[in-house]
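Observations on chain architecture
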Amino acid sequence: MAVITNIEDLRVLAQKRVPRMFYDYADSGSWTESTYRANNDDFQKIKLRQRVAVNMENRSTATTMIGQKVAMPVAIAPTGLTGMQHADGEILAARAARAFGVPFTLSTMSICSIEDVAEHAGPGFWFQLYVMKDRAFIERLIDRAKAAGCSALVLTLDLQILGQRHKDLKNGLSAPPKLTLPNIINIATKPRWALGMLATKRRQFGNIVGHVSGVDNMGSLSEWTAKQFDPGLNWGDVEWIKNRWGGKLILKGIQDVEDARLAVQSGADALIVSNHGGRQLDGAQSSIEALPTIVDAVGGQIEIHMDGGIRSGQDVLKARALGAQGVYIGRPFLYGLGAMGEAGVTKCLQILHRELDITMAFCGHTQVDTVDKSILLPGTFPLV
């Protein structure tokens, strides 16, 4: 592809270069994928007000997220198996984010370990925590994140049980992946990916393997993880984790006003309006539709972020207008990573930044911190 102009170009290229089972893992939702589609589609219902004869000089997209300076109101979301989109994927994405000036969030279910990312990409990234039944393991994970210099903990609350993702079942995605004949044939058509994976030692869940008694390979890992996600997770656990961590805490997976109020009571620094990219409860509201009601309810009491459906800088601007201090991108950076490695993640961020900057100017604003609902055309979205 000679010229890459938008996130869709990166998606097309990633689909060509990443084996089907791993591309589908990133680019799929649960059940009918209705919420996954709504996350994207509902952004298109929101129309912008174009303004003219406004001085567009001295523009800035810089702001803060949980008090941390960022080049634009965007963070890289935690995504499992990032290192299977491209060899050493978490390290490459963290490097790109650091150079650009936006936060990178490392998943518990990453291929590269916390220590690996800190060593090769530098400290200061955020760490995402899943709550497992093995509380001693959780304590060690939190302590490892502290030791690595992570500046925020993102606690995911909406994955106590796994949503059913049909593409993963059909592709035989598991730990370790099932090397069926169709999968082997498909991998053989992706030589760039295969050579990269052969050249790296990072091919298993680095935060878990070797850190849990009896889990020393992908086979034993599969058995352990199947039993470990804790369906008994509750707000008492949130308090315990907050006290153990002691630093900035962000709660991910809030879709309901009542849960948002409980998040405020927990003492967390921020919440993320999120439906896990449409990968959990199919039929749930899109994140952008849920956002305004939560902002109205608790916006003055806790910092509000959102994820789900961001595919352009215009989407970033619309979320900001509806009250999100910042947004997270998952699939867009994975497309860039799968397409071109670290350069692809950088390209993704450049695309979003340029789209955000230009659209903001056309809407009559030169500072992202001044953006509010006034940039939106009233009546074009149910909750505007």
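Our structure's up above, just so we're on the same page.
Read on for a plain summary of the structure.

Our focus in this paragraph is the pattern of salt bridges. Counted by the stated rule, this structure contains 14 salt bridges. Measuring nitrogen to oxygen at the nearest pair gives 2.5 Å for the salt bridge that ties R244 to D143. Within this pair, whereas R244 is found in helix α11 (residues 235-245), its partner D143 is found in helix α6 (residues 135-147), the two being separated by 101 residues in sequence. Residue class for R244 comes out partly exposed when judged on its relative accessible area of 28%. Note on D143: relative accessible area 32%, which makes it partly exposed. Between R320 and D369 there is a salt bridge, and its shortest N-O distance comes to 2.5 Å. Within this pair, whereas R320 is found in helix α14 (residues 313-321), its partner D369 is found in the segment after α16 (342-362), the two being separated by 49 residues in sequence. Among the charged side chains, a salt-bridge network with shared partners connects D88, D116 and R202.

Tallied over the entire structure, the rule returns three aromatic pairs. A cation sits over an aromatic face here: R279 above Y25, 4.7 Å from the ring centre.

A few words now on the nonpolar core. Judged by nonpolar contacts, the single largest core of 114 residues is most densely connected at L271 and M306. Here this core takes seven residues from α16, the largest share from any one element. The residues touching L271, leaving out its near neighbours within four places in the chain, are L251, I254, A260, A263, I294, V298, I302, E303, I304 and H305. Listed in part, the twelve residues of the second largest apolar core include M65, V70, A75 and A152.

I114, D116, V117, A118 and A121 are the residues of helix α5 (residues 114-121) that are buried. Where α5 is buried, its residues meet α4 (89-100), β4 (105-106), β5 (126-129) and α6. G122 lies just past α5 and shows a positive phi near 95 degrees.

The next thing to look at is the sheet that holds β5. Sheet architecture is open: eight strands sit in the order β3-β10-β9-β8-β7-β6-β5-β4, paired in parallel fashion. The sheet is open, and its two edges are formed by β3 (74-76) and β4, each paired on a single side. Sheet topology places strand β6 (residues 152-156) next to strand β7 (residues 248-254); five bridges connect them, and they run parallel. Considered in β7, the bridge of V154 is made with I250.

Here is what the cut-offs are and how they apply
Residues numbered from 1 in each chain as written. Predicted model: local features only at pLDDT ≥ 70, side-chain atom pairs only at ≥ 80, totals over all residues. Heavy atoms only, no water. Salt bridge = Lys/Arg side-chain N within 4 Å of Asp/Glu carboxyl O. Helix = DSSP H or I, 4+ residues; strand = E, 2+ residues; numbered from the N terminus. Buried < 20%, exposed > 50% of the residue type's maximum accessible area, 1.4 Å probe, protein only. Phe/Tyr/Trp six-rings, centres within 6.5 Å; stacked < 30°, edge-to-face > 60°. Lys NZ or Arg CZ within 6 Å of the ring centre and 35° of its normal. Core = buried A, V, L, I, M, F, W, Y, C linked by side-chain atoms within 4.5 Å. Contact = heavy atoms within 4.5 Å. Pairing = 2+ DSSP bridges.

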